[in-house]
Amino acid sequence: MLALIVLVVILALCFDFTNGFHDTANAIATSVSTRALSPRFAVFLAGTMNLIGALTFTGVAKTIGGKIADPLHVPHGTIVVLAAIIAAIAWNLFTWRAGIPSSSSHALIGALSGAVIGAAGFHAINYSGFLSIIEALVISPLAAFCLGYVIMWIFRLLFGARSLHRVNRPFRYLQMVTAGVQAFMHGTNDAQKTMGIITFALIAGGFQTTMNIPFWVKLVCAVAMGCGTATGGWRIIKTVGSKIIRIEPMNGFASDLTSSIIIFGFTLLKLPVSSTHVISSSIMGTGAAKRFNQVHWGVAGRIVIAWLITIPISGCLAAIIVRLFLL
């Protein structure tokens, strides 16, 4: 059992690493595309702030580890976690390679749910907890779009009469701040998910009985995500930073501010969100406030499709993997 737990932890950290270069790219995409930050410094800043954010909160980890299913009552719980992580990593790598800003959060949640169903049946899912998580994943990007639209509308009302050069310069400086804040917020939410799934495995394996997150789990997850961030993720940055709308410092700052508020708000509620879809939706909202047809809705449609298919695909993949393990 100890060897299996060690394998789960190693693979979970691999997932956290892929999450770092897959999802954190979103946090710095706008600041890189507007040249507020150089790519090298943006990656360093995001990695550092991700590390700090990941060590700060644990509420989302407890939600992931305890609300989808009860680790004390899921048979073969450690194998369930192993299958879920493998499925989530596979989907992360596929979408990263394709440059699709899909959600690591959706992949992990879908994979864990699918693995539980594959091992113990549909009755093993805690539907009230699972539905609260799905509601947060649905509501958060809609809230980001609306808030981004409102914030950008206010900025245009306040600064629309000024020349573009005079407006861009101060907002470019402000983006230096919001890029770090956004990366910190990403760490407060996304890194918690891997902490939660490792703790799920520890409980299922009999190594602890509560959802209290051990410090070593917080530390290794934070470091893994920080290292993953440091590798870049330039395919995702290109999609988010240039293909949704043409980003300028004012709407870049507005979208960074919007996504930071939304992610942190849901973190305080101990609910997981997809930073990918929150950030993408905030960019769409700010773009729509400037000019509705300025948004490249074809790219937006690809993001929505990825949003819709990630949970069922990763869930089915995890269910297949766990059944193969249990043969």
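Notes on the structure follow.

### A few points about the pattern of salt bridges
Enumeration according to the criterion identifies one salt bridge in this entry. Here Asp190 ties to Lys193 by a salt bridge, and the two come within 2.9 Å at their closest N and O atoms. Placement of the pair is Asp190 and Lys193 together in helix α7 (residues 164-204), with a separation of three residues, close to one helical turn. By the burial criterion, Asp190 is buried, and Lys193 matches it.

### A word on unusual backbone geometry
Among all residues except glycine, the phi angle is most often negative; among peptide bonds, the trans geometry is most common. Of note, the phi angle at His76 is positive, near 55°, even though the residue is not glycine. Despite not being glycine, Lys270 has its phi angle at roughly 65°, a positive value. Here Lys270 lies in the loop between α10 (249-268) and α11 (275-290).

### Digging into the packing of aromatic side chains
Counting across every chain of the model gives eight aromatic pairs. Each ring, one from Phe159 and one from Phe171, has its centre 5.4 Å from the other, and the planes form 85°; the classification is edge-to-face. A residue pair is termed long-range when its members are at least 10 positions apart, and Phe159 in helix α6 (residues 127-159) and Phe171 in helix α7 qualify at twelve residues. We classify Phe159 as partly exposed; its relative accessible area is 24%. Note on Phe171 and Phe253: the rings are 5.5 Å apart at their centroids and 50° apart in plane angle, and the pair reads as tilted. With Phe171 in helix α7 and Phe253 in helix α10, the pair connects residues that are 82 residues apart, well separated along the chain. For Phe253, a relative accessible area of 10% corresponds to the buried category.

### Here's the deal with the side chain of Thr267
Topologically, Thr267 is positioned in helix α10. On the accessibility criterion, Thr267 (4% relative accessible area) is buried. There is a polar contact of 3.0 Å between the side chain of Thr267 and the side chain of Asn189.

### With respect to the environment of Ile5
With respect to the element layout, Ile5 can be found in helix α1 (residues 2-33). Owing to a relative accessible area of 6%, Ile5 belongs among the buried residues under this scheme. When the C-alpha positions of Ile5 and Ala204 are compared, they lie 9.7 Å apart, and in sequence the two are 199 residues distant. Not counting chain neighbours up to four residues away, the residues in contact with Ile5 comprise Thr78, Ala201, Leu202, Gly205 and Phe207.

### Considering the nonpolar core
Core analysis: the biggest nonpolar cluster contains 55 residues, and Val80, Ile85, Val116, Met195, Ile197 and Ile198 have the highest contact counts within it. Looking at this core, the elements that each hand over two or more residues are α1, α3 (59-67), α4 (77-98), α5 (104-120), α6, α7, α8 (215-230) and α12 (297-325). In terms of residue count, the dominant contributor to this core is α4 (ten residues). Among all residues touching Ile85, those that are not within four sequence positions of it are Val8, Leu11, Ala12, Phe15 and Ile197. Ranked by size, the runner-up nonpolar core spans ten residues in total, among them Ala144, Ile262, Val273 and Val278.

### Let's talk about α8
Between its first and last C-alpha atoms α8 spans 23 Å; for 16 residues at 1.5 Å apiece the expected length is 22 Å, and the two agree. Here α8 has its buried residues at Val217, Lys218, Cys221, Ala222, Ala224, Met225, Gly226, Gly228 and Thr229.

### Thoughts on the environment of Gly205
Along the polypeptide, Gly205 turns up in the loop between α7 and α8. Those residues in contact with Gly205 that sit more than four places away from it in its chain are Met1, Ile5 and Thr78.

### Some details on a nonpolar patch on the surface
Taken together, the side chains of Tyr149, Val150, Trp153, Ile154, Leu157 and Leu158 make up a nonpolar region of the molecular surface, amounting to roughly 610 Å² of accessible area. Residue Trp153 is classed as partly exposed on the basis of its relative accessible area, which comes to 47%.

### Some thoughts on the packing of α4 against α5
Here α4 crosses α5 at 145°, and the two axes come no closer than 8 Å. Handedness of the α4/α5 crossing: right-handed. Within the contact between the two elements, α4 uses Val80, Ala83, Ala84, Ala87, Ala88, Trp91 and Asn92 and α5 uses Ser104, Ala107, Leu108, Ala111, Leu112, Ala115, Val116 and Ala119. Across the contact of α4 with α5, the residue classes tally to 13 nonpolar, two polar and no charged.

Conventions adopted
Residues numbered from 1 in each chain as written. Predicted model: local features only at pLDDT ≥ 70, side-chain atom pairs only at ≥ 80, totals over all residues. Heavy atoms only, no water. Salt bridge = Lys/Arg side-chain N within 4 Å of Asp/Glu carboxyl O. Helix = DSSP H or I, 4+ residues; strand = E, 2+ residues; numbered from the N terminus. Buried < 20%, exposed > 50% of the residue type's maximum accessible area, 1.4 Å probe, protein only. Phe/Tyr/Trp six-rings, centres within 6.5 Å; stacked < 30°, edge-to-face > 60°. Polar contact = N/O pair within 3.5 Å; in protein donor to acceptor, adjacent residues only side chain to side chain. Contact = heavy atoms within 4.5 Å. Core = buried A, V, L, I, M, F, W, Y, C linked by side-chain atoms within 4.5 Å. Expected span 1.5 Å × (residues − 1). Patch = residues over 30% accessible without salt bridge, like charges linked within 9 Å, V, L, I, M, F, W, Y side chains within 5 Å. Areas by Shrake-Rupley, 256 points an atom, 1.4 Å probe, with all protein chains shown as cover. Axes fitted to C-alpha atoms, helices over the stretch in contact; angles between N-to-C directions. Left-handed = near helix turned anticlockwise from the far one by under 90°. Nonpolar A, V, L, I, M, F, W, Y, C, P; charged D, E, K, R; others polar.

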